[in-house]
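Spelled out from the first residue to the last, the chains are:
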Amino acid sequence: MKFLTVTQESLEMGAKILKEGGLVAFPTETVYGLGADAFNPSALAKIFDVKKRPHFDPLIIHIASIDSLENVADFSQIKKETQKTIFLLAENFWPGPLSIVLPKNDRIPGIATAGLSTAAIRFPDNEAAQKLISLSQTAIAAPSANIFGSLSPTRAEHVRDNLGEKIDMILDGGPARIGVESTVLDITGDKIKILRPGGTPREAIERLIGPVEGSETGEHGLDKISSPGQLKNHYAPKTPLYVLKSDDIIRRPFEDGAAFLFFDGLTRDAWRDAQTKTQMLPAAVKVLSESGQMSEAASCLFETLHELDSLNISCIYAQEAPQTGLGEAINDRLMRGAEKLV
Ligand code: TXA
Ligand code: MG
């Protein structure tokens, strides 16, 4: 496996590997992706093998221009009105953390989309990703570059530790800027629906196109999944994770070896004041953003969880984020990685 910093040369090597049917992990603005040629079924099969990803879970197809939508989507199946919405979304949010679910064309093999007639398509806002796609002269199917269900990788080192020798190359482009995956938006039904909250906040989408249906956070049976990233126990650290509202985390009695992950510094300080009477010392105390700034918090969410997960602690108590903007995606990832608190 080659582990290389992003340069023109390494990008060209990566493109060559992709063209030959290999797997290349690459940076995007959200999380690192594990890329394969979206038109090559045997390369796509390797993604599922390496990630231990169930074949019912479709991949996101990455393109490097709005024009390339035509190479992957089937516009003959899309109503004129909907086409307008797609281009409105694309012009406003691309490149960026929004995946749009559209009818796919026949060139995209069924394995890419888990047999669905639709594909989630996105144009990432990362120069290395864009160059890699352009140089490989294809579209790149890429899920997050981690074992299915585990914490998403926001650094090249996370990919190396998680997938290592099983892939051909890792392109290191530094830490991911946004830190949570793209928002997955389904525009194929009567109502536009967020299947997975992510890096493009609901509010921004609604300002542009009006109200959209929410992502259901209830428990899903496998047969009912419209977007398998909705599975509970996805994005999970190995350490048991419990998510608490700020009022509850402040007063939470805890045991030896427990760690705390606060959304903001104010809540951490209130917790400290409330804890002065107890003798217990937590194993670690982390804050996603001292000032409670949402994008900063999102960008270090997975990284901080990776860090806590490597400490060999008994459990993590995490504070829920405010449910606005990127907070919806932060809470979604925390809840799905969490155990139920009884
Ligand atoms: O930010 C991201 O989206 C990252 C980077 C690498 O681009 N990718 C990512 O991929 O998060 P993955 O495979 O971990 O998550 C893809 C999500 C899953 O929840 C999947 O079910 C959903 O997108 N999805 C893909 N195709 C779909 C389709 N045709 N219909 C409904 N959901 C789909
Ligand atoms: Mg994933």
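Each value, and the rule that gives it
Residues numbered from 1 in each chain as written. Chains lettered and ligands numbered in written order. Predicted model: local features only at pLDDT ≥ 70, side-chain atom pairs only at ≥ 80, totals over all residues. Heavy atoms only, no water. Domains from an automatic or database assignment. Buried area = accessible area lost by both parts, 1.4 Å probe. Salt bridge = Lys/Arg side-chain N within 4 Å of Asp/Glu carboxyl O. Nonpolar A, V, L, I, M, F, W, Y, C, P; charged D, E, K, R; others polar. Axes fitted to C-alpha atoms, helices over the stretch in contact; angles between N-to-C directions. Helix = DSSP H or I, 4+ residues; strand = E, 2+ residues; numbered from the N terminus. Parallel < 35°, antiparallel > 145°, perpendicular 65-115°, else oblique. Left-handed = near helix turned anticlockwise from the far one by under 90°. Contact = heavy atoms within 4.5 Å. Buried < 20%, exposed > 50% of the residue type's maximum accessible area, 1.4 Å probe, protein only. Lys, Arg positive; Asp, Glu negative; His and termini not counted. Polar contact = N/O pair within 3.5 Å; in protein donor to acceptor, adjacent residues only side chain to side chain. Pairing = 2+ DSSP bridges. Phe/Tyr/Trp six-rings, centres within 6.5 Å; stacked < 30°, edge-to-face > 60°. Lys NZ or Arg CZ within 6 Å of the ring centre and 35° of its normal.

1. Examining the domain arrangement of the chain
The extent of an interface is frequently quoted as the accessible surface area lost upon association of the parts.
Step number 1: Considered domain by domain, the chain is made up of domain 1 (2-224) and domain 2 (241-336).
Step number 2: Counting the surface lost from both domain 1 and domain 2, the interface buries some 1600 Å², and carbon and sulfur atoms represent 55% of this.
Step number 3: It is Leu-151, Val-180 and Pro-197 in domain 1 that bury the most area against domain 2; as a group they hold 35% of the surface buried on that side.
Step number 4: Viewed at the interface, domain 2 and domain 1 are joined by 3 salt bridges.
Step number 5: Here the residues of the side of domain 1 that touches domain 2 are counted per class, giving 6 nonpolar, 9 polar and 7 charged.

2. With respect to the packing of helix 1 (residues 8-19) against helix 5 (residues 127-136)
Step number 1: Look at helix 1 against helix 5: their axes get within 8 Å of each other, and the N-to-C directions meet at 50°. As judged from the angle between their axes, helix 1 and helix 5 are oblique. Here helix 1 and helix 5 pass one another in a crossing that is right-handed. Counted together, Gln-8, Leu-11, Glu-12, Gly-14, Ala-15, Leu-18 and Lys-19 of helix 1 and Ala-128, Lys-131, Leu-132, Leu-135 and Ser-136 of helix 5 form the full contact between these two elements.
Step number 2: Classifying every residue of the contact of helix 1 with helix 5 by side-chain character gives 6 nonpolar, 3 polar and 3 charged.

3. Digging into the environment of Pro-322
Step number 1: Relative to the helices and strands, Pro-322 is located in the loop between strand 14 (315-319) and helix 11 (327-337).
Step number 2: On the basis of relative accessible area, Pro-322 is assigned to the partly exposed category, the value being 41%.
Step number 3: Considering only alpha carbons, one finds Pro-322 and Ile-63, 259 residues apart in sequence, at a separation of 32 Å.

4. Considerations on the side chain of Asp-37
Step number 1: As for its placement among the helices and strands, Asp-37 is situated in strand 3 (residues 33-37).
Step number 2: No salt bridge is formed by the buried Asp-37; the nearest opposite charge belongs to Arg-107, separated by 7.2 Å.
Step number 3: A polar contact is formed between the side chain of Asp-37 and the side chain of Thr-138, at a distance of 2.7 Å.
Step number 4: In this view, Asp-37 contacts Leu-18, Ala-43, Leu-44, Thr-138 and Ala-139; residues no more than four positions away in its chain are not counted.

5. Here we look at the pairing of strand 3
Step number 1: Judged by how many residues are buried, strand 3 sits mostly within the fold: 5 of 5 residues are covered.
Step number 2: The pairing of strand 2 (residues 24-26) with strand 3 spans 3 bridges and is antiparallel. Bridge assignment links Ala-25 to a residue of strand 3, and that residue is Leu-34.
Step number 3: As consecutive antiparallel partners, strand 2 and strand 3 are separated by 6 residues.
Step number 4: Pairing analysis gives 2 bridges linking strand 3 to strand 7 (residues 140-141), with the strands arranged antiparallel.

6. Some words on the packing of aromatic side chains
Step number 1: Evaluation of the coordinates by the stated rule reveals 10 aromatic pairs.
Step number 2: Arranged with centres 5.8 Å apart and planes meeting at 10°, the rings of Phe-260 and Phe-262 form a pair that is stacked. Each member of the pair Phe-260 and Phe-262 is classed as buried.
Step number 3: Three or more aromatic residues joined by ring pairs form one cluster here, namely Tyr-242, Phe-254, Phe-260, Phe-262, Trp-271 and Tyr-317.
Step number 4: For Arg-107, the ring lying beneath its charged end belongs to Phe-39, and the centroid distance is 4.1 Å.
Step number 5: Stacked on the ring of Tyr-235, the Lys or Arg Arg-333 has its end atom at 4.9 Å from the ring centre.

7. Notes on unusual backbone geometry
Step number 1: A cis geometry characterises the amide bond from Trp-94 onward to Pro-95, with omega recorded as -10°.
Step number 2: Note that Pro-95 resides in the loop between helix 4 (80-93) and strand 5 (98-103).
Step number 3: Backbone geometry at Ala-114 places phi at a positive 55°, although glycine is not the residue there.
Step number 4: Within the element layout of this structure, Ala-114 appears in the loop between strand 5 and strand 6 (118-122).
Step number 5: Classification of Ala-114 by relative accessible area gives partly exposed; the value is 24%.

8. Some details on the sheet that holds strand 1 (residues 2-5)
Step number 1: The strand order across the open sheet built from 10 strands is 1-8-2-3-7-4-6-5-9-10, with neighbouring strands paired in mixed fashion. The strands lining the two open edges of the sheet, one partner per strand, are strand 1 and strand 10 (193-196).
Step number 2: Two strands pair when backbone bridges link them, and strand 4 (residues 60-62) and strand 7 are joined in this way by 2 bridges, in the antiparallel orientation. Within strand 7, the position partnered with Ile-61 by the bridge is Ala-141.

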